[in-house]
Every structure is written in C-alpha cells, then in structure tokens.
Amino acid sequence: MPGLADLNALPAPEFEQLLLRCCAAPGWARQVTAGRPYASLADLLAVADAAWAARGTADLDAAMGGHPRIGERRLSGWSAQEQASVGADVATATALADGNAAYEQRFGHVFLICATGRGQAEILAELHRRMSNDPATEREAAAAEIGKINDIRLRKLVTA
C-alpha cells in the first residue's frame, strides 16, 4: 500500500496536519500520529477508532467546530465531496437551513451526520429525529457520526 508507506514516511508534524484536515481534534491527531508506523490501513483505522473512542470533551468540541453546516453551499475539500449528494431541491434545502438553526439553538453546535451517500430527505429526517435527543445523547450521536466521517476520510487519505 504505497499511500500508507508515504504517510508513514512523513515527518510527524506534517502527518499530524494531514490528520487535522480529516478531523480538527488535536488530541486525536496526536494519538494517531504517535501510533506510526502503520503496517496496514486496518491498523491505522483501529488506532484512529481507539483514539476517537478515548477522546476528551475538548477534542469533540474541536471536531464539531471544524465541520460546516450540512447543506451549506460554500463547501470545500472533504465536506464538498461528502455533501455532494445533498442536492439542490430548494424546499428541502430551506428546511435543512431551518432545521440547522433550530438544532444549533437547542444543542449549541452544528448538526453532524455522515452525509456520504445520503440525500437531503434522509438527512432532514435524521435531523428531525435527533432533535428529540437530550444534549448528552446528542453529543454522543454527533461523536459517532464524526467517527464514521473520520473512517471515510482516512481511507481516502491512504488511497490518494
């Protein structure tokens, strides 16, 4: 897996910066960097998953702060690719914007969902469903979605 070999060969600060583009949680990025070298993608993903499971509150806050609102049109990088299926239906886009605002008012952070392969209607339905969560449950739901996003992004990073 030449992509992984190249990543293993990077100086630690460069590797950590690449990880921070995947997930803006500095503690997570440090732990994944410290686990090098990785013999396989599976090893990298296992360490990344364990680091995410052991995250602190500050890492979750940083990761959430690094994500744009779902359905925003001014996206770049990873988010633009992941939200490509969100589409341009005006009524649903408006409902997503309204739902995002209500969600942020209730929970104090952006609505996070692994959007890869999901359409607007499915995302909107999940947003509405999760609005009934209590704040602690919702933070864990958001964290689980970030874990899924991290997995997808790390796979892309290795195969780039």
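Residues numbered from 1 in each chain as written. Predicted model: local features only at pLDDT ≥ 70, side-chain atom pairs only at ≥ 80, totals over all residues. Heavy atoms only, no water.

Participant: So what about the side chain of threonine 92? Which residues, and what values?
Facilitator: One can find threonine 92 in helix 7 (residues 90-107). Using a relative accessible area of 16% as the deciding quantity, one classes threonine 92 as buried. Not counting residues within four places of it along the chain, the set of residues in contact with threonine 92 comprises Gln120, Ala121 and Leu124. (Helix = DSSP H or I, 4+ residues; strand = E, 2+ residues; numbered from the N terminus. Buried < 20%, exposed > 50% of the residue type's maximum accessible area, 1.4 Å probe, protein only. Contact = heavy atoms within 4.5 Å.)

Participant: Give a detailed account of the pattern of salt bridges, specifying residues and quantitative values.
Facilitator: Under the criterion given, the structure shown has nine salt bridges. The partner of arginine 55 in a salt bridge is glutamate 140, and the shortest N-O contact between them spans 3.0 Å. Remark: glutamate 140 occurs in helix 9 (residues 135-159) and arginine 55 occurs in the loop between helix 4 (41-53) and helix 5 (57-65); sequence separation between them is 85 residues. Look at arginine 55 and you get buried, because its relative accessible area is 18%. Between arginine 155 and aspartate 151 there is a salt bridge; the shortest N-O distance is 2.8 Å. Of the two residues, arginine 155 and aspartate 151 are both situated in helix 9; the distance of four residues between them amounts to about one turn of the helix. In this structure, a network of salt bridges that share partners links the residues Arg118, Glu122, Glu145 and Lys148. (Salt bridge = Lys/Arg side-chain N within 4 Å of Asp/Glu carboxyl O.)

Participant: Can you explain the nonpolar core? Please cite residues and give values.
Facilitator: By size, the foremost hydrophobic cluster in this structure holds 29 residues, and its most contacted members are Leu19, Trp28, Val32, Trp52, Ile146 and Leu154. For this core, the secondary structure elements donating two or more residues are helix 1 (2-9), helix 2 (12-22), helix 3 (26-34), helix 4, helix 5 and helix 9. For leucine 154, the residues in contact, after removing those within four places along its chain, are Leu19, Cys22, Trp28, Leu41, Leu45 and Ala48. In terms of nonpolar packing, the next biggest core, distinct from the first, is built from 10 residues, Ile70, Tyr103, Ile113 and Leu124 among them. (Core = buried A, V, L, I, M, F, W, Y, C linked by side-chain atoms within 4.5 Å.)

Participant: Describe helix 8 (residues 120-130), naming the residues involved and giving the relevant values.
Facilitator: Taken as a whole, helix 8 has its buried residues at Gln120, Ile123, Leu124, Glu126, Leu127 and Arg130. Along helix 8, the residues classed as buried sweep out an arc of 160° about the axis, all on the same side. Each element contacted by the buried residues of helix 8 is listed here: helix 7 and helix 9. (Arc of directions from axis to C-beta.)

Participant: Outline the state of the cysteines, listing residues and values.
Facilitator: Under the defined criterion, the tally for this structure stands at zero disulfides. For cysteine 22, which is in no disulfide, the shortest distance to another cysteine sulfur is to cysteine 23 and amounts to 8.2 Å. According to the relative accessible area criterion, cysteine 22 is buried, its value standing at 0%. (Disulfide = S-S within 2.5 Å.)

Participant: Describe the packing of aromatic side chains, with residues and values.
Facilitator: Any two aromatic rings considered together are summarised by their centre-to-centre distance and by the angle between their planes. Under the definition given, this model contains two aromatic pairs. Taking 4.7 Å as the distance between ring centres and 50° as the angle between the ring planes, the aromatic pair formed by tyrosine 103 and phenylalanine 107 counts as tilted. Here the residue tyrosine 103 and the residue phenylalanine 107 both occupy positions in helix 7, the gap between them amounting to four residues, near one helical turn. According to the relative accessible area criterion, tyrosine 103 is buried, its value standing at 0%. On the basis of relative accessibility, which here comes to 12%, the residue phenylalanine 107 falls in the buried class. Ring geometry for tyrosine 103 versus phenylalanine 111: centroids 5.2 Å apart, planes at 75°, classification edge-to-face. (Phe/Tyr/Trp six-rings, centres within 6.5 Å; stacked < 30°, edge-to-face > 60°.)

Treat this as a map of the structure, not an account of what it does.
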